[in-house]
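Structural overview for review
Residues per chain, in single letters:
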Amino acid sequence: MISHDLLIVGAGLAGMRAAVATPPSLNVGVISKVHPVRSHSVAAEGGINAAVHPEDSWESHMYDTVKGSDWLGDQDAIEILCRDAPNDIMDLERMGALFSRDPNGNIAQRNFGGLGFPRTCYVADRTGHALVHLLYEQLLKRSLTVYEEWYVTSLIVEGGVCCGVTVLDLLTGELHAILAKAVVLATGGYGRIYSTSTNGLINTGDGMAMAYRIGVPLQDMEFVQFHPTTLKETGILITEGARGEGGYLFNSRGERFMEKYAPKAMELASRDIVSRAEYQEIMEGRGVEGCVMLDLRHLGAARIKERLPQIYDLSLTYAGVDPVEAPIPVTPGVHYSMGGIMTNAHGETPLPGLYAVGECASVSIHGANRLGGNALMETIVYGRRVGTAAAEFAQKTGQTPFSEGVLTRERERILALFSHDEGERAEKIREEVGGVMAEHFGIIRTRDRMEAGIKKLLAIRPRLARLYLHDKGKVFNLDLVDALQLFSIMDLAEAIAVSALSREESRGAHARSDFPSRDDTAWLKHTLAYRSEAGPRLSFRPVTITRVPLAERKY
Ligand SMILES: Cc1cc2nc3c(=O)[nH]c(=O)nc-3n(C[C@H](O)[C@H](O)[C@H](O)COP(=O)(O)OP(=O)(O)OC[C@H]3O[C@@H](n4cnc5c(N)ncnc54)[C@H](O)[C@@H]3O)c2cc1C
């Protein structure tokens, strides 16, 4: 039986930062369903927020984040993020991060949506790539065991304590139990629940679903971030850095339409506001073939190629548009999971021994809407904190014994998936769920549309019992992985749907045309979704407000 003191599931920035924070004496294992540097963090483009400039302050970062969250973020958690961020940036620099510089040689910072100060540090428009490789180097320096291309299928709970995972070695197809005194989930977001998304295909929310299945609540699942600028028809992200560098948005009449929606912040209002504005322009017939236009031409070729080299390449390759010569066609697209596994500021979930961090967790910093640049900072600040807290727990706890029956049951569950000689492929059902989510739980929601969406999801659910795996082999069976991921997708789609239907107000990314205003009297609270046989069961939790009093949100 394999065992570790501490197991970290996920080797994106959050998981790797947590691993690097553990003391060398601890026996730590890190598991990832892909090679660590292929985790979605590697795709992060525009940057990471920290008040490192002498004229900036953590208090101002905190105010912007609370306002961005539409007052749903927990202010104790936000304060930790904003206070710690500058030191963590320095730590990254000491590890060797090559941040872009200003002409004086200081770390350069660009403007991002919803920020009152240009606070986003960056490495051109490949920030995630630089940080993932940096932390992977740090991981290799440590004698940690990394299980690459191992797929965790479930969490093991004995006597009310999380004490390990069941995991499929994708290369051999063998199912193992790995025991640990504590488990940290750092499994990332669920963007791929929707048909089009900026997220990698691997972002299916497995960790959230695994926690949900063993009774841990998912918090604020109704808040799904739509990014304002994804490349026409592809869902590929065009970083907010493009607007941060000065890009404009135009409609078909050549109007800079953000004037109407956010006269002060214009294109750099928060993401929910810019996405809704674009949606309204397109719906009211002022779009250009279902898009609006992102214009960078006035920045000039030199600046575009120095600051936004990847955007230049992506636009040219996937839309055939040279941004030096022509505006880029963009639409809002699914991008980020504000909700996730409920944790406190040490990453503890309500289940002893189980921690969560990064995009799979909801601490909650982002509340109803995340500010660009804050997700990367969360993976670093909270990765360090949660790695430290989980390590301390593991050091003072014994290993909970485990019964072999767990592994046998999980093996039977997986073998059952091979039993059908005909039926539907997981991929087909996944596309259908994605379509339902896009159509019924999009940028603007209504009761009727959501109820119709829930009916469709309920009709899809029983079909999961008749999945057909074309590949019956053991070695690298991606058909099997698709099927297992589909169960995560289905659970989370239901949690999002039921949470969204229940929240009868508009706040941040959750916008309802039947309840168009924010309602602090009834809805200044977090939604908690618990799994039950009858579908998600909801309860609520108060929001923590410390320094920033409630106010109207205007940009
Ligand atoms: C295109 C794009 C650009 C972005 N740009 C920015 C930006 O500029 N600034 C910013 O702040 N944020 C940005 N974000 C958001 C930010 O990058 C992510 O929220 C963050 O990197 C998530 O990190 P993570 O470590 O939580 O998860 P991830 O990096 O997604 O890593 C998840 C890990 O979990 C593992 N895993 C998942 N399920 C299993 C399983 N069942 N078994 C084993 N392993 C599993 C995966 O293999 C992976 O290693 C961007 C996101 C996208 C999609």
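This brings us to the overall build of the chain. Broken down by element type, the chain carries 16 helices and 21 strands. Here the C-alpha atoms of the chain give a radius of gyration of 22 Å, agreeing with the 24 Å that 2.2 N^0.38 yields for 555 residues. Seen along its three principal axes, the alpha-carbon backbone of the chain occupies a region of about 65 × 50 × 50 Å. Among the 555 residues that make up the chain, the fraction classed as buried is 62%. Taking contacts inside the chain between residues at least 6 apart in sequence as the whole, the part at least 24 apart equals 73%. Working note: accessible area of the chain is about 20200 Å², and carbon and sulfur atoms make up 52% of it. With 59 positive and 69 negative side-chain charges, the chain shows a separation of 2 Å between the mean positions of the two kinds.

The strands that make up a sheet pair up through hydrogen bonds in the backbone, lying either parallel or antiparallel. Spatially, the four strands line up as an open sheet ordered 11-14-13-12, and their pairing is antiparallel. Each edge of the open sheet is held by one strand with a lone partner, namely strand 11 (224–231) and strand 12 (248–250). Neighbour-to-neighbour, the strand axes of this sheet turn through a mean angle of 45 degrees, independent of strand direction. As defined by bridge partners, strand 11 adjoins strand 14 (residues 328–337) across six bridges and the pair is classed as antiparallel. Paired with His227 across the two strands is Gly333, which belongs to strand 14.

What follows is about the sheet that holds strand 17 (residues 361–362). Reading across the sheet, the five strands line up as 17-15-10-20-21 and stay open at both edges, with mixed pairing between neighbours. Because the sheet does not close on itself, it has two edges, and the strands there are strand 17 and strand 21 (537–542). Sheet contacts for helix 5 (residues 206–213): strand 10 (218–219), strand 15 (340–342) and strand 20 (525–530); angle to strand 15, the most-contacted strand, approximately 40 degrees. In the packing of helix 15 (residues 478–502) onto the sheet, contacts are made with strand 10, strand 20 and strand 21, and the angle to strand 21 comes to roughly 60 degrees.

Turning our eyes to something else, we now look at helix 12 (residues 405–417). Over its 13 residues, helix 12 runs 19 Å from end to end, which matches the ideal 18 Å to within 8%, given 1.5 Å per residue. Inspection of helix 12 places Val406, Leu407, Glu410, Ile414 and Leu417 among the buried residues, and these make up the whole buried set. Summarising the axial view, the buried residues of helix 12 lie within an arc of 95 degrees, below the 170-degree limit, and thus occupy one face. With respect to the buried face of helix 12, the exposed residues turned more than 90 degrees away are Arg409 and Leu415.

What follows is about the domain arrangement of the chain. Its domain assignment divides the chain into domain 1 (2–223 + 338–395), domain 2 (233–332) and domain 3 (404–521). Measuring from the centre of the C-alpha atoms in domain 1 to the corresponding centre in domain 3 gives 24 Å. Each partner contributes residues to the interface: domain 1 has 42 residues there, and domain 3 has 38 residues. Interface area, domain 1 with domain 3, both sides summed: about 3300 Å², of which 62% is carbon and sulfur. Together, Ile193, Tyr194 and Glu222 form the three largest contributors to the area buried by domain 1 at its contact with domain 3, with a combined 21%. At the boundary of domain 1 and domain 3, one finds four salt bridges. Lys474 is the partner of Glu174 in a salt bridge, and the nearest nitrogen-oxygen pair spans 2.9 Å. At the junction of domain 1 and domain 3, the tally comes to 16 residue pairs in polar contact (both at pLDDT 80 or more). For the side of domain 1 that touches domain 3, the secondary structure elements donating two or more residues are strand 7 (150–158), strand 8 (161–169), strand 9 (175–185) and helix 5. Its residues assigned to classes, the side of domain 1 that touches domain 3 shows 22 nonpolar, 10 polar and 10 charged.

Turning our attention to unusual backbone geometry. A negative phi angle is the norm for most residues apart from glycine, just as the trans form is the norm for most peptide bonds. Cis peptide bonds are those with omega within 30 degrees of zero, and the linkage from Val363 to Ser364 qualifies with 10 degrees. Looking at the element boundaries, Ser364 is found in the loop between strand 17 and helix 11 (374–395). In this structure, Met266 is a non-glycine residue whose phi angle is positive, near 50 degrees. Residue position: Met266 is located in the loop between helix 7 (258–261) and helix 8 (271–286). Of the residues examined, Met266 reaches a relative accessible area of 11% and is grouped as buried. In this structure, Phe476 takes a positive phi of about 45 degrees despite not being glycine. Structurally, the position occupied by Phe476 is in the loop between helix 14 (447–460) and helix 15.

With that settled, consider the site of the ligand. Around the ligand sit 39 residues, and of these Ser32, Ser39, His40, Ser41 and Glu359 come closest. In this structure, an oxygen atom belonging to the ligand sits 2.9 Å away from a main-chain N or O atom of Ala11. Between an oxygen atom of the ligand and a side-chain N or O atom of Ser39, the distance comes to 2.7 Å. Across the complex, the protein chains shield 98% of the 1000 Å² of accessible surface that the ligand would expose by itself. Residue assignment for the shell around the ligand shows that the elements contributing at least two residues are helix 1 (13–20), strand 2 (28–32), strand 7, helix 5, strand 14 and helix 11. In terms of residues, the shell around the ligand owes the most to one element, helix 11, which gives four residues.

This paragraph deals with the side chain of Ser100. By the element assignment, Ser100 lies in the loop between helix 3 (75–95) and strand 4 (109–110). Looking at Ser100, its side chain comes within polar contact range of the main-chain nitrogen of Ala124, at 2.9 Å. Excluding residues within four positions of it along the chain, Ser100 makes contact with Asn106, Ile107, Ala108, Tyr122, Val123 and Ala124.

Conventions used here
- Residues numbered from 1 in each chain as written.
- Predicted model: local features only at pLDDT ≥ 70, side-chain atom pairs only at ≥ 80, totals over all residues.
- Heavy atoms only, no water.
- Helix = DSSP H or I, 4+ residues; strand = E, 2+ residues; numbered from the N terminus.
- Rg over C-alpha atoms; globule rule 2.2 N^0.38 Å.
- Buried < 20%, exposed > 50% of the residue type's maximum accessible area, 1.4 Å probe, protein only.
- Contact = heavy atoms within 4.5 Å.
- Areas by Shrake-Rupley, 256 points an atom, 1.4 Å probe, with all protein chains shown as cover.
- Lys, Arg positive; Asp, Glu negative; His and termini not counted.
- Charge placed at Lys NZ, Arg CZ, Asp CG, Glu CD.
- Pairing = 2+ DSSP bridges.
- Axes fitted to C-alpha atoms, helices over the stretch in contact; angles between N-to-C directions.
- Expected span 1.5 Å × (residues − 1).
- Arc of directions from axis to C-beta.
- Domains from an automatic or database assignment.
- Buried area = accessible area lost by both parts, 1.4 Å probe.
- Salt bridge = Lys/Arg side-chain N within 4 Å of Asp/Glu carboxyl O.
- Polar contact = N/O pair within 3.5 Å; in protein donor to acceptor, adjacent residues only side chain to side chain.
- Nonpolar A, V, L, I, M, F, W, Y, C, P; charged D, E, K, R; others polar.
- Near = heavy atom within 4 Å.

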